[in-house]
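Listed here are the chains, written in short residue letters.
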Amino acid sequence: MAGNEWMNGYLEAILDGGGANDDDDYTRQKKDSSVKSGVTVIPQLGAFNPARYFIDEVVHGTDETDLHHFWVKVTATKNPEERNTRLENLCWRIWHISRRKKKGKLEQSKRLQKLRQERERGRRDVTEDMSEDLSEGEKLGGDGQGLKLSESHYNLELLTEQSLKEKRLYVIMISLHGLVRGENMELGRDSDTGGQVKYVVEFAKGLAKMPEVYRVDLLTRQICSPEVDSSYGEPTEMLTSDQDEDILESGGAYIVRIPFGCKEKYIQKELLWPYIPEFVDGALGHILNISKALGDLIGDGTPVWPHVIHGHYADAGDAACLLSGALNVPMVLTGHSLGRNKLEQLLKQGLHSKEDINSTYKIMRRIEAEELCLDSAELVVTSTRQEIEEQWGLYDGFDLELNRKLRHRAKRGVHCYGRYMPRTTVIPPGMDFSNVEVHDENSDNDLDNDSVQLPESPLWGEIPRFLNNPSKPIILALARPDPKKNMATLVKAFGECIKLRKLANLMLIMGNRDDIDQMPAASANVLTTVLKLIDKYDLYGEVAYPKHHKQSEVADIYRIAAKTKGVFINPALVEPFGLTLIEAAAHGLPMVATKNGGPVDIERTLNNGLLVDPHNDKEIAAALYRLVVDKTLWAECRKNGLQNIHLYSWPQHCKIYLSRISQCRMRHPQWQSENDLNENMDSESDSGSFKDAPDTSLRLSLDADRPSRSSSLNSPFDLDKLLQNEENVGGISEHIRMIMEKTRDNQSKLRETNDVNSQEKQSLEHSNSLGSSGKLLLRRRKRLFVIAVDCYDAFGKPLVSRQAIIIQEIMTAVRSSGNFSSPGFILSTALTVSETISMLQSIGIKVSAFDALICSSGSQLLYTAGDNPDSAIYPDPDYDSHIDYRWGAEGLRKSMKKLRGPENSRFLVEDAKASNFHCLAYQVKNISTAPKADELRRQLRMRGLRCHVVYTQNCSRLSVLPLHASRSQALRYLYVRWGLDIANMYVFLGEKGDTDYEELIGGMHKTLILKGIVIDGSEKMLRSPTSYGSEDVFPSESPNIVSVTVSDDKEEFNTQQIIASLHWFEG
């Protein structure tokens, strides 16, 4: 093979010579000859074995496990011609892998360089924006006293340690994937059922025992599949005992299983993404019911809302974001393992392309969920400092340097223009030590083969059939068969170190299995590789690898290893934390662990072992040998671990956790009562009292007596008053003044043209009639039909005639079906309020035909006056406050101005007429140069700005909204606010739509996709081609989604198809 003769030569030498023998001199010389730069120096020729060098440096260096299988075929080939052909193929594969690895390293370097440049540019923009007015606090002396938060504007309760002890908290935790139950956990059954499952269950138990906590609900997926035990189909499982005198009625810890997806089928975590909205809707119903029940028990009739909603892993974090937005409750996140870090590790190996990785692991969907978690979370909990700096630091939404700047300004009370970085904290996981029995190491000093009395355990009955001398020190590894757990390297290290094999046994607890062929491919490959390595090094009698173990036997496994003076090892490529290391230390086992990830912090705390490079099998073997041979070191590590293990107890973990969440601002749903709602329509509202003000950096009030924003923007008369007050103070920003003035002008113009807002002028006189005929009528609806068809022409103008047909025919179909008495209708659109009303009037449809209007892509929610002939509408007085979380209009406007480009070539132009307080609207002038919605959101995240970006009206308009403002979330708001069950909502969509179109499809509501209605949508501006697809957002098949062809020629409308679909939904 031209150009690769040297490879052929090495491979021929290996085949002819049968490989190299173990040679300690070679190993020692090779190790001594290595340099820190990573460049391999070939040892002296006398000790150099070309075959061994080629295998170590070329074949193993590729990290391609499949090469071993190919190599076995080559060595088994007898025909010289066929063997040469296979050798040539193998050489090409090695060359291709090496080239791909180099390419991967180059691409990774470019990515990191680009990220650094973008971050630096973002930091410069942030610094420039925040220093334009020299920070008012700095102008007035730098102590932050010049600007103070208005108590009336931010009446947020920040819990102190003392007030926390006086409360009985309700905490929601979410862990979606894997098999979750309280007893006999099947850890290691698959890659989804691992340490996270054990952690969340024990965390919930420990938290419920704290005196400050009344109830903990661990929400997970209900699975009624014959593939798994029936316990996973139970709706509720109590984790705390009824006999515990500290547990009160309906208190304690519970596993609550919410059905979503196909509950008759076990679904791996990579395929759960489309069903998360369905989980959110189901979880929302459970939380509302429990909050009301707890309110009757301990809340004097007032609902007891969750203090925090805590998501574990990216999928649960994604769900927690939506629940947090729907309930206006603080969110906490624990990542466990992170998508960006995994992507970088996989790309570094050079074995798979980014496209292949995304296809297998849905990695881009996972990364976007983690970015959204950073947008929403008030607190991010990590196990180690390394996770914060090296893993979260890879994300667009987290910048340590910018975080420090914002915290510093916030402490001094200086304006940050809505920029925010989530708070992070390191809380090592805890452990239940109640069942741990530690024996005195002095009682078994003698390691003679016959003198050690091993613990009595059912599992120990299986071990003698594996080991020739069971009394030798046991090197214990306990992990599921996952490639990243690196078990093959451990076996290789043990097999090649003859000295270690003479002194110790190796025990591999790799989950539970019946038939390797029936296991997932990745797990089966790991086990097959391990078994082949055992055979290769002839480790029979020296390695135990039992097929089954129970969770209750894990403690016995640790005790067996400790009794033999063994060592616990975790050789994972990257270990986010390493809970098994804590368990091993609690049983008196010294450790050898990977130096990548959490074990670094654990070893620093416990000082009970050695850290190694998981890629270096020689280093692993040396560390194990040292601990087995050096009895003094072994005893010291054991002693240190036992002395310091209390730092990882569950009471300690929960105590730290509660102190951290006590700093979360208590936000929860607060409504004006039915009686007060209308009386206070235009008066100062208290609904702003639960707005989020992280680090006092979002906005600053200059006048403690000024009216709240939610009421001031709903009424032009309050707007006048507010503007007058601000002029007297002289401190309002130009941007806010401009928006309020334009809002006032638009409202005045609207009243002059169609008088649709006349009720605002007369709200104090007619509030009773408006409220009772509008909201109460909406509340009585048993079914709600949401028309959210985005129908525009090529220029983004509403197709009025087609819109009229759509609305009229849908209403006709609903009323003609005969299944729905007194149905309610909602119009959901990207149009502004004035545009919506103008469109309805132009097609002769009364506003009162709808119970509510969701306008400006979800930034506005308005109710009609029911049967009132004046067709009056008015805004929900609580909705503004509800969606206000982390909204920084000023900061967004400043950053958008920079991101739009130079003045003469801007692709976006601000559209003041289409803007409102919670919507910054822009006209899209040049769609070819405009960034995709995900890229624009990414750039804003890098500047600490959290928002929702939507392209609408056939890509002719861009709307920047608050983080939790959307048309889909508005439906959940109606559920929480008025008790309108989402399962009884029917959403009508076109085949295409605005870039928030996908968000409206999934969930528990019924979705009817009307084909043949919409010409063009804005979906082309949603995501970049390298991102995830719609199949990761909503399910391709669902009993809640029906597609109906209602128009073939764009002019006729098939109402009967809609009626048939409605009948199908009703069964």
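Here's a quick rundown of the structure. (Residues numbered from 1 in each chain as written. Predicted model: local features only at pLDDT ≥ 70, side-chain atom pairs only at ≥ 80, totals over all residues. Heavy atoms only, no water.)

Quick look at the environment of serine 649 now. Its location among the elements puts serine 649 in the loop between helix H23 (631–644) and helix H24 (650–661). You can call serine 649 buried: its relative accessible area is 13%. Once the C-alpha coordinates of serine 649 and aspartate 432 are considered, the two residues, 217 residues apart in sequence, prove to be 6.4 Å apart. With sequence-adjacent residues up to four places away left out, serine 649 is seen in contact with Gly430, Met431 and Phe433. Among the polar contacts made by the side chain of serine 649, one reaches the main-chain carbonyl oxygen of histidine 646 at a distance of 3.1 Å. (Helix = DSSP H or I, 4+ residues; strand = E, 2+ residues; numbered from the N terminus. Buried < 20%, exposed > 50% of the residue type's maximum accessible area, 1.4 Å probe, protein only. Contact = heavy atoms within 4.5 Å. Polar contact = N/O pair within 3.5 Å; in protein donor to acceptor, adjacent residues only side chain to side chain.)

Before going further, it helps to examine the environment of leucine 777. Counting through the fold element by element, leucine 777 comes out in helix H30 (residues 763–779). The spacing of leucine 777 and aspartate 851 is 74 residues in sequence and 7.9 Å in space, taken between C-alpha atoms.

A full pass over the atoms with the stated rule returns 44 salt bridges. Note that aspartate 911 is salt-bridged to arginine 957, the shortest N-O span being 3.9 Å. Taken as a pair, aspartate 911 in the loop between strand E20 (908–910) and strand E21 (920–924) and arginine 957 in strand E23 (residues 957–961) lie far apart in primary sequence, 46 residues in all. For aspartate 996, the salt bridge goes to arginine 967, with nearest N and O atoms at 2.9 Å. In this pair, aspartate 996 is assigned in the loop between strand E24 (985–990) and strand E25 (1006–1011) and arginine 967 in helix H36 (residues 967–978), connecting sequence segments 29 residues apart. Assessed through its relative accessible area of 1%, arginine 967 is described here as buried. What you see here is one network of salt bridges that share partners, running through Glu118, Arg340, Glu371, Asp396, Glu935 and Arg938. (Salt bridge = Lys/Arg side-chain N within 4 Å of Asp/Glu carboxyl O.)

Our next topic: unusual backbone geometry. Notably, serine 856 is not glycine yet its phi reads approximately 50 degrees, a positive angle. Assignment of secondary structure puts serine 856 in the loop between strand E17 (852–855) and strand E18 (860–864). Positive phi, close to 60 degrees, is recorded for serine 857, a residue that is not glycine. Relative to the elements of secondary structure, serine 857 occurs in the loop between E17 and E18. Take serine 857: its relative accessible area is 0%, and that puts it in the buried class.

Here we come to the packing of helix H31 (residues 800–816) against helix H37 (residues 1055–1065). Where H31 contacts H37, the axes come no closer than 9 Å and their chain directions differ by 45 degrees. Between H31 and H37, the angle is such that the two are oblique. Crossing handedness for the pair H31 and H37: right-handed. Between H31 and H37, the contacting residues are Glu809, Ile810, Ala813, Val814 and Ser816 on the first element and Thr1055, Ile1058, Ile1059 and Leu1062 on the second. (Axes fitted to C-alpha atoms, helices over the stretch in contact; angles between N-to-C directions. Parallel < 35°, antiparallel > 145°, perpendicular 65-115°, else oblique. Left-handed = near helix turned anticlockwise from the far one by under 90°.)

This next bit is on the pairing of E23. When you tally the buried positions in E23, you get 5 out of 5 residues, the bulk of the element. Residues of E23 alternate between two faces, with Arg957, Ser959 and Leu961 on one and Leu958 and Val960 on the opposite face, all of them buried. Two elements, E21 and E23, share 4 bridges in a ladder whose sense is antiparallel. By the bridge assignment, glutamine 923 is partnered in E23 with arginine 957. In this sheet, E23 lies alongside strand E22 (residues 948–952) in antiparallel orientation, the contact comprising 5 bridges. (Pairing = 2+ DSSP bridges.)

Across a sheet, paired strands are connected by hydrogen bonds in the backbone, their directions being either parallel or antiparallel. What the 6 strands build is an open sheet, ordered E11-E10-E9-E12-E13-E14; its pairing is parallel. Both edges of this open sheet fall to strand E11 (543–544) and strand E14 (609–612), since each of them pairs with a single strand only. As defined by bridge partners, strand E10 (residues 505–509) adjoins E11 across 2 bridges and the pair is classed as parallel. Across the sheet, the residue bridging to leucine 506 is valine 543, located in E11. Packing of helix H19 (residues 554–563) onto the sheet brings it into contact with strand E9 (474–478), E10 and strand E12 (567–570), and relative to E9 it is tilted by some 155 degrees. Relative to strand E13 (residues 591–594), helix H21 (residues 599–606) is tilted by about 150 degrees, and along the sheet it contacts E13 and E14.

Keep in mind these numbers describe shape, not what the thing actually does.
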